[in-house]
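# Commentary on secondary and tertiary structure
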Amino acid sequence: MNKPMRRVAVFCGLLILALLVRVNWVQFVQADELANHEDNRRVRIEQFAHPRGDIIVDGEPITGSVETEGSDFRYARTYTDGPMWAPVTGFASQAFGSNLLENVEDDVLSGTDDRLFFNNTIDMFTGEDQRGGNVVTTLNAAAQEAAYNGLLEAGQGDDTAKGAVVAIDPRTGAILAAASTPSYDPSSFAGNGESDSEAWTALDKENDPDDPMLNRALRATYPPGSTFKIVTAAAALENGRVDDIDESSQTEYDNPFQLPDSTTEISSQAGAACDEPSMREALVLSCNSTFLGLSHDVGNEEMISTAEDFGFNEEQFLPVRAEASVYPEDDDPGNAMAGIGQASNRATPLQMAMVAAAVANNGTLMEPYMVDELVAPNLSTIERHEPQELSQPLSPENAQLLQEAMESVVSEGSSRDAASIDGVRVGGKTGTAQNGEGNANNPFAWFISYAITDDGSPVAVAVVVEDAGAERDQISGSDLAAPIAGDVMRAVLDGEN
Amino acid sequence: MSSTSNTTVSTAGPPSRRNTELAMLVFAVLVPVLAYANVGLAKDESLPAGMLGYGLGLGLMAGVAHLVVRRWAPYADPLMLPLATLLNGLGLVLIWRLDQEPEITRPALGGPMAADQLLWSVVGVALFLGVLIFLKDHRILQRYTYISMVVALLLLISPMIPGLGDEVNGARIWIRIPGLGGLQPAEFAKIVMVVFFAGYLMVKRDALALASRRVMGIYLPRGRDLGPILAVWGVSLMILVFETDLGTSLLFFGAFVIMLYVATERTSWIIFGVLLSASGAVFVASTNQHVGDRVENWLNPLARINDGVTETAQVMYSFGSGGLFGSGLGQGYSRLIGGIAAKSDYILATVGEELGLAGMMAVILLYALLIERGMRTALAARDPFGKLLAMGLSGAFALQVFVVAGGVTGVIPLTGMTMPFLAQGGSSVIANWALIAVLLRISDTARKPAPAPAPSLDAEQTQVVRA
């Protein structure tokens, strides 16, 4: 009987071996995958087990953490001026995850970043609770406030204006303001209770057609309309199509302009004044014929190349992801229309702020960024952003020509009262982009601008106001968007002095 | 095997190894007591209030058991009692540790369970002592072969009796005794059934082994000899179908096939057994909803069901989050498994998460060691009944460990059985202490020095005549 018993013993040994192999597989090979699985609640328990680090603007935290009861998540997120800062901070909810800076910098904020290891180890020995690091942003509270309030005031009656503002420091690429309306308060669903659930559901696009959770500053694309004429002008200058902005013979096109391979004629709002404009006049009067013609002459390939130098056709990471703006390959009529910011041309407010910034910074486009520094709980710097050049869409000479033209737009055009600032060179461009088939919906009112002082250009802004509920003919960049841009620029300049 | 370390045994026989057992028992008590302190420090940063009482209780239990073994089974295996004590102690710590989680210790879920479990452990050890004291020789059990069969069948059928049986989580494996609470009769049936198998096979092994036809190199049993194996298969299948208890049926059938193979030394029985259990399992898995769900769950452990995270997935997350060294006792989140199952069926998840892969392997090896001691007892036993009985008990124990641990870790589909000694549940801990007691009795008999030859009566009579 002993022989079969030995075999049975070996068999039982194999069963045990199978168990050992399996636990090694699960707890060693698969361990990381299982430990960080999205359904594994421990991930979020850990995320909220310690007070999160803060997001800092102008030295002041715009976020906070508060201890909560009755849940396995110990701390909940709080926000100061939540709706105003939501396009920057995003949300960090116990129940609904996180996005934007809260998501991108989660490792530092929750204190799990490898670079905080030393800090955490010290804390462990001194018995202190693990803490998260802080994220110091480049934002400018005054500019953000001007932008957000400006957008709120652009609404008519009870309607909230839909729109966005982005302001950049052209010298460095630092984001100064990123506002979006209508907005939401990320505090309202930071927990995981009943009321948080209700707030979250109410904000859903299906329940709120205004889509308040959409970050219009970075993640919505609009037809840029006439503001795009700056890019077309830059392409014409860079390709030698135009070298004198006051020589009307270089920009002579039929007005109204007949699209190539088509019978469609496009007129200009300024009418006959656009018959023989110089480039400067064409920008001031926003002549469609001139820029349709220039875009057609430069050609699709070169237009794409210039647009891409300004940042089109590529997502930007601030490090929060910004949607890619689009200047597509197109046929001749499509390319001509794209040259005046219509057809399939689409841009984010961030993109158009980058266009203004590149011109203001004498043709050099700096990489946009919104995180200046990551700081450990003991206030030592983990990482600091060094400004970097993204591209050189314009030569300094051509950039200065465009600056002259854009400054004429402000000093001679309809946006003079709203945007001009005493003692400072201000350049800009209005835009009223058609929206919908046959311009069926309310247009988008655009304004992009910059200010230049003796220290170079401290601010470039892009403002877009969607359907503000205004009467149709009142919608224009100079009425709705330019005042907001003016306020943002003034806020930044006040801070500079 | 030096005899110098022994004090209680005459130099003539093999060493009794009782002092080894005592030394091991000190560890077996010390480890859970330290683990208990560890939980308290992790949860409240203070030593738990009940620590002294708990340590003394466990120590007293182990001490009394040791003294009884020393007196009534002096040659018994020295490792089994410490192993059982250690597993039982660790189980108590784990259950107490899970009692500290309010979510799974609500009154609706039965409240805290460590105190009850301690009580059941005391009852288990008392039964252990009773078996050692009153069962002088395991061969006495052979007399009760057919009574055992009847008792085992009654125990197995009892959960199906209306009014007595109780369905929990889709499996009908409980009976409810008023005033006493629930009982899992299968745990006791396991031992009684093995007694029956051992007695039956002891008698029939020659018939089963020799009367067979040889077809294509393997011995096929005669048709009428197939009767018993088909009967046991039928009973197992009935357990599966009517009680939807995959584990118990696998356990019974597996233990029977192992014992049949050991008794007859015929490989053909194994082939028949595997074929029968495989066909039975496939049939039930494809027709029974509950078993089918378990299989589905096993194939896709992380899949969400009704947009909820399943218990199986939670168990996997526990293991994964534990990693190599675990979160430390008291610092894991195995309560996320939810419900009472975290303390019973899924207790290994807490081991895996809080003690890590290292702790998990250690616990599995403790079981492996216990099984190995059982198998060694079977090899050492001098009588065929003892061999079969020890083999059956340790084989059943091994299968149970594999079926539970394999189910929880995902080697095989999950079944509704509990980890011996470790998991919450009175029936399990009591029955397994009895099982250890029987194994100790067999090993004592096996290692006991052979009695001096009895004086021959013939010789005496001759002397009388001469005188």
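Residues numbered from 1 in each chain as written. Chains lettered and ligands numbered in written order. Predicted model: local features only at pLDDT ≥ 70, side-chain atom pairs only at ≥ 80, totals over all residues. Heavy atoms only, no water.

As annotated in an unreviewed UniProt entry, chain B is FtsW/RodA/SpoVE family cell cycle protein from Streptomyces hainanensis. Among the UniProt annotations of chain B, the heading Subcellular location (unreviewed entry) holds the following wording: "Membrane". (UniProt positions renumbered as here; feature names shortened; annotations may be inferred.)

An unreviewed UniProt entry lists chain A under the name Penicillin-binding protein 2, with Streptomyces hainanensis given as the organism.

## Brief notes about the overall build of chain B
Regarding its fold elements, chain B presents 15 helices and five strands. The proportion of buried residues among the 467 residues of chain B is 54%. Summarising the internal contacts of chain B: among those between residues at least 6 apart in sequence, 72% fall at separations of at least 24. If you sum the accessible surface of chain B, you get close to 19600 Å²; carbon and sulfur atoms cover 67% of it. (Helix = DSSP H or I, 4+ residues; strand = E, 2+ residues; numbered from the N terminus. Buried < 20%, exposed > 50% of the residue type's maximum accessible area, 1.4 Å probe, protein only. Contact = heavy atoms within 4.5 Å. Areas by Shrake-Rupley, 256 points an atom, 1.4 Å probe, with all protein chains shown as cover.)

## Topic: the nonpolar core
In terms of nonpolar packing, the biggest core is built from 143 residues, with F128(B), L348(B), L389(B), M419(B), F421(B), L422(B) and I436(B) touching the most fellow members. Looking at which element gives the most residues to this core, the answer is helix α13 (residues 384-409) of chain B, with 16 residues. Not counting the four nearest positions on each side in its chain, M419(B) is found in contact with I347(B), L348(B), Y367(B), V401(B), V404(B), A405(B) and S428(B). Listed in part, the 125 residues of the second largest apolar core include L139(A), V242(A), A357(A) and V465(A). (Core = buried A, V, L, I, M, F, W, Y, C linked by side-chain atoms within 4.5 Å.)

## Describing the sheet that holds strand β16 (residues 381-384) of chain A
Residue and element names in this part refer to chain A. Strand order in this open sheet of five strands is β2-β1-β7-β15-β16, and the pairing throughout is mixed. Each of the sheet's edge strands pairs with one partner strand only, and the pair in question is β2 (60-61) and β16. Both strand β1 (residues 55-57) and strand β7 (residues 134-137) contribute to a ladder of two bridges, which runs parallel. If you follow I56 over to β7, its bridge partner there is V136. (Pairing = 2+ DSSP bridges.)

## Some points on helix α11 (residues 229-238) of chain A
Residues and elements named next belong to chain A. Among the 10 residues of α11, nine are classified as buried, and the element is accordingly described as predominantly covered. Those residues of α11 not exposed but buried are K229, I230, V231, T232, A233, A234, A235, A236 and L237. Where α11 ends, the next residue or the one after it, G240, has phi of about 75°, a positive value.

## A word on the pattern of salt bridges
The tally for this structure, following the rule as stated, stands at 33 salt bridges over all chains. The salt bridge partner of E67(A) is R74(A), with a shortest N-O separation of 3.7 Å. The exposure class assigned to R74(A) is partly exposed, which follows from its relative accessible area of 37%. D99(B) is the partner of K343(B) in a salt bridge, and the nearest nitrogen-oxygen pair spans 2.7 Å. (Salt bridge = Lys/Arg side-chain N within 4 Å of Asp/Glu carboxyl O.)

## Looking at empty space enclosed by the protein
All names here are of chain B. Within the structure shown, the criterion is met by six cavities of 30 Å³ or more. The computed volume of the largest cavity comes to approximately 80 Å³. At the level of elements, α6 (185-210) and α8 (246-264) are the ones that each hand at least two residues to the lining of the largest cavity. Residues belonging to the lining of the largest cavity are distributed by class as follows: four nonpolar, four polar and three charged. T244, L246, H290, R294 and T415 are the residues nearest the centre of the second largest cavity, which is lined by 10 residues in total. If you tally residues by element for the lining of the second largest cavity, the top one is helix α10 (residues 289-299), at three residues. (1 Å grid on protein atoms, 1.4 Å probe; cavity = no way out; pocket = protein on both sides within 12 Å on 5 of 7 lines; lining within 4 Å. Points joined across faces, edges and corners; volume = space filled by probe spheres on them. Nonpolar A, V, L, I, M, F, W, Y, C, P; charged D, E, K, R; others polar.)

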